[in-house]
Amino acid sequence: MSLTRQILLGLGLGLVAAALLSGPLAPWQDAALSITGVTGSLFLNALKMVAVPLIATTLIAGLGKLEQAPGRLGALTAGYYGMSTLLAVSMGLILSNVIAPGLRAGLDPEDVQSLMAQASLSPTFANGSSDWQSTLLGLVPGNIFNALSAGNLIAVVLFSLVLGLALRTLPTEFRQSQQVLWDSLQHLLMTVTQWVLRTAPLGVFALVTTSAAQVGWAAAEPLAWFVITVLLALVLHAGLSLGLVLWRLARVSPLQHARDMSPALWMAFSTASSAATLPVTLRCLNDRAKVPSSVTGLTVPLGTTMNMDGTALYECVAVLFLAQLLGADLTIVQQLLVLFLALATSTGMAGIPAASLVAIALILDRVGLPAEALGLLLITDRPLDMCRTAVNVWSDSVAARLVAYYAKTDSPAMAQTVTQAPTNVESSQ
Ligand code: ASP
């Protein structure tokens with residue numbers, strides 16, 4: 001059975017199990033959810049365990065293998081990431097103004113208060129802000145092993161970039177042996193990924209059962225317009241804006257690309273973590289879409305840590321929705337501030353479930369709204385997180401296609417340097 005089918009099977013069975021546990025099997029709900037909770041976390045941990053070292057080895061090996069000067073491809077990648085996130089937040093801003101979900105919810109201030117209480121805000125979300133000095137200092141940690149163990153991905157990415165660039169300057173004999181070392185480490189980690197993915201149906205089943213059983217569908221009704229706005233904006237951004245980029249600029253059929261990326265997209269959807277999905281994203285791009293690993297080596301680790309279209313879009317819609325709900329009329333300047341902050345905070349956000357909430361607390365604070373309002377979003381956060389994570393991964397994959405297209409047209413020799421992804425990874429067709 002293909003990986004996509006296995007994931008879909010786990011997803012479908014998870015939804016059925018969640019429905020049963022909320023209905024006829026309710027007496028067993030607590031016991032069952034504690035088992036699925038641990039099983040899901042084990043699966044997620046196993047993926048994340050591979051993801052951090054994989055980011056480092058992929059970047060270093062990828063940079064070493066690049067035919068062209070990495071500066072040009074790096075600039076193209078960074079340019080795409082900036083533009084695509086800007087398109088995403090603009091889509092969020094426009095639809096939030098056109099649909100005005102907060103005004104349609106039809107809630108009076110008392111309802112809002114009781115919903116906020118129901119959502120039982122965790123205090124950690126309200127205190128999520130951090131200053132620019134510590135953010136900057138986090139980029140260059142005094143101890144790289146601390147950064148690795150703390151999962152500080154931005155620092156790991158920067159350090160790996162430096163190592164990869166240094167590798168390119170070594171004398172040939174050292175460069176070759178370094179290249180063999182990092183390539184083989186990457187193969188090793190992809191083999192482990194392959195093993196972890198054998199448990200995908202069970203892992204996805206456990207994750208989906210746990211999260212679906214915990215979503216408070218009844219309380220979510222007043223948020224229906226918010227959910228519709230987010231979903232519509234995500235679909236338009238992923239399908240239309242990025243679809244056009246694929247079709248016109250990368251010369252790839254968006255449908256074909258979606259087929260190639262389907263295991264990664266479903267995995268992102270099930271885990272709500274783009275970092276945990278990274279091994280599958282790499283595998284789909286290398287094995288199915290045939291994007292050279294020298295290109296994915298640069299674009300995917302960078303994208304996983306810095307390019308979060310779905311997240312930025314969600315932050316924007318969420319803040320405007322809460323402002324409308326609380327009766328705060330944000331001026332155009334304040335809305336642009338929201339747009340800018342969504343752009344800035346999404347870059348460097350951890351690719352883990354619910355990471356957006358911290359950034360939303362920070363933005364609410366900056367535009368003078370109570371961070372506690374965030375509690376409302378907890379009701380529908382998980383399903384929307386699943387969707388925005390899939391868009392985050394989709395956008396990274398579009399970058400890889402685009403850069404691969406330009407790398408090939410720029411230097412035909414690149415076509416020959418296509419180094420296939422680890423050969424011990426079976427095709428997932
Ligand atoms: N869950 C998202 C991701 O991993 C981040 C977020 O928007 O919360 O990409």
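Residues numbered from 1 in each chain as written. Predicted model: local features only at pLDDT ≥ 70, side-chain atom pairs only at ≥ 80, totals over all residues. Heavy atoms only, no water.

### Re the UniProt feature "transmembrane region" (unreviewed entry) in the chain
Residues annotated by UniProt as "transmembrane region" (unreviewed entry) correspond here to residues 46-66, 78-100, 144-167, 195-217, 223-247, 312-333 and 339-364. When the span residues 78-100 is considered, its composition is 96% helix and 0% strand, and the gap between its end C-alpha atoms is 32 Å. Counted over residues 223-247, helix gives 96% and strand 0%. Its end C-alpha atoms are 34 Å apart. (UniProt positions renumbered as here; feature names shortened; annotations may be inferred. Helix = DSSP H or I, 4+ residues; strand = E, 2+ residues; numbered from the N terminus.)

### A look at the site of the ligand
Taken together, 15 residues lie near the ligand, and Ser-274, Thr-311, Ser-356, Asp-385 and Arg-388 sit nearest. Contact distances for the ligand include 3.0 Å between a nitrogen atom and a backbone N or O atom of Ile-352. In this structure, Asn-392 approaches the ligand through a side-chain N or O atom, which is 2.8 Å from an oxygen atom. When residues in the shell around the ligand are grouped by element, the largest group, four residues, is from helix α19 (residues 378-410). Among the residues forming the shell around the ligand, the class breakdown is six nonpolar, seven polar and two charged. (Near = heavy atom within 4 Å. Polar contact = N/O pair within 3.5 Å; in protein donor to acceptor, adjacent residues only side chain to side chain. Nonpolar A, V, L, I, M, F, W, Y, C, P; charged D, E, K, R; others polar.)

### Things to note about the environment of Ser-160
Its place among the elements puts Ser-160 in helix α9 (residues 153-168). Those residues in contact with Ser-160, other than ones at most four positions away along the chain, are Ala-56, Leu-59, Ile-60 and Leu-63. (Contact = heavy atoms within 4.5 Å.)

### Examining unusual backbone geometry
The phi dihedral of Arg-251 is positive, around 55°, even though this residue is not glycine. Position of Arg-251 relative to the elements: it lies in the loop between α12 (224-249) and α13 (254-271). Phi at Ala-354 is positive, roughly 65°, even though this residue is not glycine. Of note, Ala-354 is situated in the loop between α17 (332-346) and α18 (356-366).

### Quick look at a nonpolar patch on the surface
Together, Val-16, Leu-20, Leu-25 and Trp-28 give the surface a local cluster of nonpolar side chains, amounting to about 380 Å² of exposed area. One can find Leu-25 in the loop between α1 (3-22) and α2 (29-65). Owing to a relative accessible area of 33%, Leu-25 belongs among the partly exposed residues under this scheme. (Patch = residues over 30% accessible without salt bridge, like charges linked within 9 Å, V, L, I, M, F, W, Y side chains within 5 Å. Areas by Shrake-Rupley, 256 points an atom, 1.4 Å probe, with all protein chains shown as cover. Salt bridge = Lys/Arg side-chain N within 4 Å of Asp/Glu carboxyl O. Buried < 20%, exposed > 50% of the residue type's maximum accessible area, 1.4 Å probe, protein only.)

### A few points about the packing of aromatic side chains
Throughout the structure, instances matching the rule amount to five aromatic pairs. Relative to Phe-269, the ring of Trp-266 has its centre 5.6 Å away and its plane inclined at 90°; by these criteria the two rings are edge-to-face. Taken as a pair, Trp-266 and Phe-269 lie in helix α13 at a separation of three residues, close to a single helical turn. Overall, Trp-266 belongs to the partly exposed group, its relative accessible area being 32%. Taken together, the ring pairs in this structure connect Phe-226, Tyr-314 and Phe-321 into an aromatic cluster. Over the ring of Trp-225 we find Arg-104; its NZ or CZ atom is 4.5 Å from the centre of that ring. Cation over ring: Arg-388 sits above Tyr-314, and NZ or CZ is 4.1 Å from the ring centre. (Phe/Tyr/Trp six-rings, centres within 6.5 Å; stacked < 30°, edge-to-face > 60°. Lys NZ or Arg CZ within 6 Å of the ring centre and 35° of its normal.)

### Thoughts on helix α11 (residues 200-214)
The end-to-end C-alpha distance of α11 is 21 Å, a good match for the 21 Å that 15 residues give at a rise of 1.5 Å each. Of all the residues in α11, the buried ones are Ala-200, Gly-203, Val-204, Ala-206, Leu-207, Val-208, Thr-209, Thr-210, Ser-211, Ala-212 and Ala-213. (Expected span 1.5 Å × (residues − 1).)

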